[in-house]
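Examination of the molecular architecture
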Amino acid sequence: MVLAAAASLPFGAVLGPEAPLIALGGGPALLLRDLLRTEATPQTTTLLAAAGAAAAVAAIFGSPLIAGVLLIELVGVGGVRLFAVMLPAMLSSGIGALVFTGFGRWTGLQVGKLDAKLPEPFTRLDAPDVVWGLLIAVAVAVLQHSAMAAGRAVATYVGRRTLVRTALCALGAGACAAAYALVTGRDPQDVASSGESALAALTADPQAWGTGALIAVLLCKAVGYALCLGSLRGGPVFPALFLGAAAGLLLSPLPGLGVVPAVAAGLAAATAVVLRMPVSSAVLVTVLLGNTAVTPLVIKAVVAANNNTEQHPGGP
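Because the structure is a prediction, the values reported are computed rather than measured. (Residues numbered from 1 in each chain as written. Predicted model: local features only at pLDDT ≥ 70, side-chain atom pairs only at ≥ 80, totals over all residues. Heavy atoms only, no water.)

Quick notes on a nonpolar patch on the surface
Taken together, the side chains of Met1, Val2, Leu21 and Leu24 present a nonpolar region at the surface, about 330 Å² in accessible area. Mapped onto the secondary structure, Leu24 falls in helix H2 (residues 18-35). Judged by its relative accessible area of 30%, Leu24 is partly exposed. (Patch = residues over 30% accessible without salt bridge, like charges linked within 9 Å, V, L, I, M, F, W, Y side chains within 5 Å. Areas by Shrake-Rupley, 256 points an atom, 1.4 Å probe, with all protein chains shown as cover. Salt bridge = Lys/Arg side-chain N within 4 Å of Asp/Glu carboxyl O. Helix = DSSP H or I, 4+ residues; strand = E, 2+ residues; numbered from the N terminus. Buried < 20%, exposed > 50% of the residue type's maximum accessible area, 1.4 Å probe, protein only.)

Below is the structure:
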């Protein structure tokens, strides 16, 4: 897992680090159990895997709260089992976050920060924001659903040998980044890699992106994303966030619509499709935006995206 992720992510695979890191968070916890020769039961396996994964999620998304909410939906337990699993998991996520943020004389570790906070102030939603936002959510859900379906098709049909398929898809993703740079004159990094840094640049200065550049980055990154999903090792969430934000920004000039609600709707829809966990999606996007005024639209966009993709069998 470590070698596959290291061979994919630093070299421009259009995937995020969350899936390998979550697996690496749960794996060492189970390994430690085996080394200590502790009894292996379904309950201890679930508990230790959830605790290790929670620490990884807290570090990736920068919030122990997101880790807790996500694991509630991921584990799918309730009642006494909910407390038995979630309390240790949330404790682990809090400890994991301290390792990166620092405490006392420990200065913490410098890591990339996923940030989608927009510069312009926003206080309340208007009717056009909600109407257009719901339509944007449906459009982004279709885009994200199509990209993930294409990724599954790539995994199934593009070459029967894993090594050949991986090499061809990696070259294809690189060609997408190169084509984008040649057509737009912008940095190919906008297309390559997870999109974490590009997302921050996109939302920090939306005026720097013209319509042509947004269309080009959506097309090229979506194709590269699909190729990498079907062949390389990485997670689907980070590129999905970038695609959702770019689509929202592209549609933000619609009559009566603002940049903040448009991007919020795009982020919410893309996250809902890729995670398939509506509460976690809403919490994640709200925390990323750092603006509670758009929370009602975020929730509506999550529901609209979820309902739209539920109508398509074989969805993600």
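Section: the nonpolar core
With 77 residues, the main nonpolar core has Phe61, Leu202, Trp209, Tyr225, Phe242 and Val298 as its most contacted residues. Considering each element in turn, this core owes the most residues, 14 residues, to helix H11 (residues 259-275). The residues touching Trp209, leaving out its near neighbours within four places in the chain, are Tyr180, Arg186, Asp190, Ala201, Leu202, Leu214, Val217, Phe242 and Leu249. (Core = buried A, V, L, I, M, F, W, Y, C linked by side-chain atoms within 4.5 Å. Contact = heavy atoms within 4.5 Å.)

Overview of the environment of Thr44
By the secondary structure assignment, Thr44 is in helix H3 (residues 42-61). Sequence-distant contacts of Thr44, defined by excluding residues within four places in its chain, comprise Arg33 and Glu39.

A look at helix H7 (residues 162-184)
Its 23 residues give H7 an end-to-end C-alpha distance of 33 Å, which sits within 8% of 33 Å, the value for a rise of 1.5 Å per residue. Those residues of H7 lying buried are Arg165, Cys169, Gly172, Ala173, Cys176, Ala177 and Tyr180. Buried positions along H7 lie against helix H6 (127-157) and helix H9 (211-229). Just beyond H7, the residue with positive phi is Gly185, at close to 75°. (Expected span 1.5 Å × (residues − 1).)

Thoughts on the packing of H11 against helix H12 (residues 278-289)
Helix-helix packing is described using two parameters, namely the angle between the two axes and the distance between the axes. Between H11 and H12, the least distance of the axes is 9 Å, while the angle of their chain directions is 145°. Every pair of crossing elements has a handedness; the one defined by H11 and H12 is right-handed. Contact residues: H11 offers Ala264, Leu267, Ala268, Thr271, Ala272 and Leu275, while H12 offers Ser281, Leu284, Val285 and Leu289. (Axes fitted to C-alpha atoms, helices over the stretch in contact; angles between N-to-C directions. Left-handed = near helix turned anticlockwise from the far one by under 90°.)

As for the packing of aromatic side chains
Going through the model one piece at a time under the given rule, you end up with one aromatic pair. Consider the rings of Trp209 and Phe242, whose centres lie 6.5 Å apart with planes at 65°: the pair is edge-to-face. Taken together, the positions of Trp209 in the loop between helix H8 (196-204) and H9 and Phe242 in helix H10 (residues 237-251) put the pair 33 residues apart, joining distant regions of the chain. Each member of the pair, Trp209 as well as Phe242, carries the same accessibility label: buried. (Phe/Tyr/Trp six-rings, centres within 6.5 Å; stacked < 30°, edge-to-face > 60°.)

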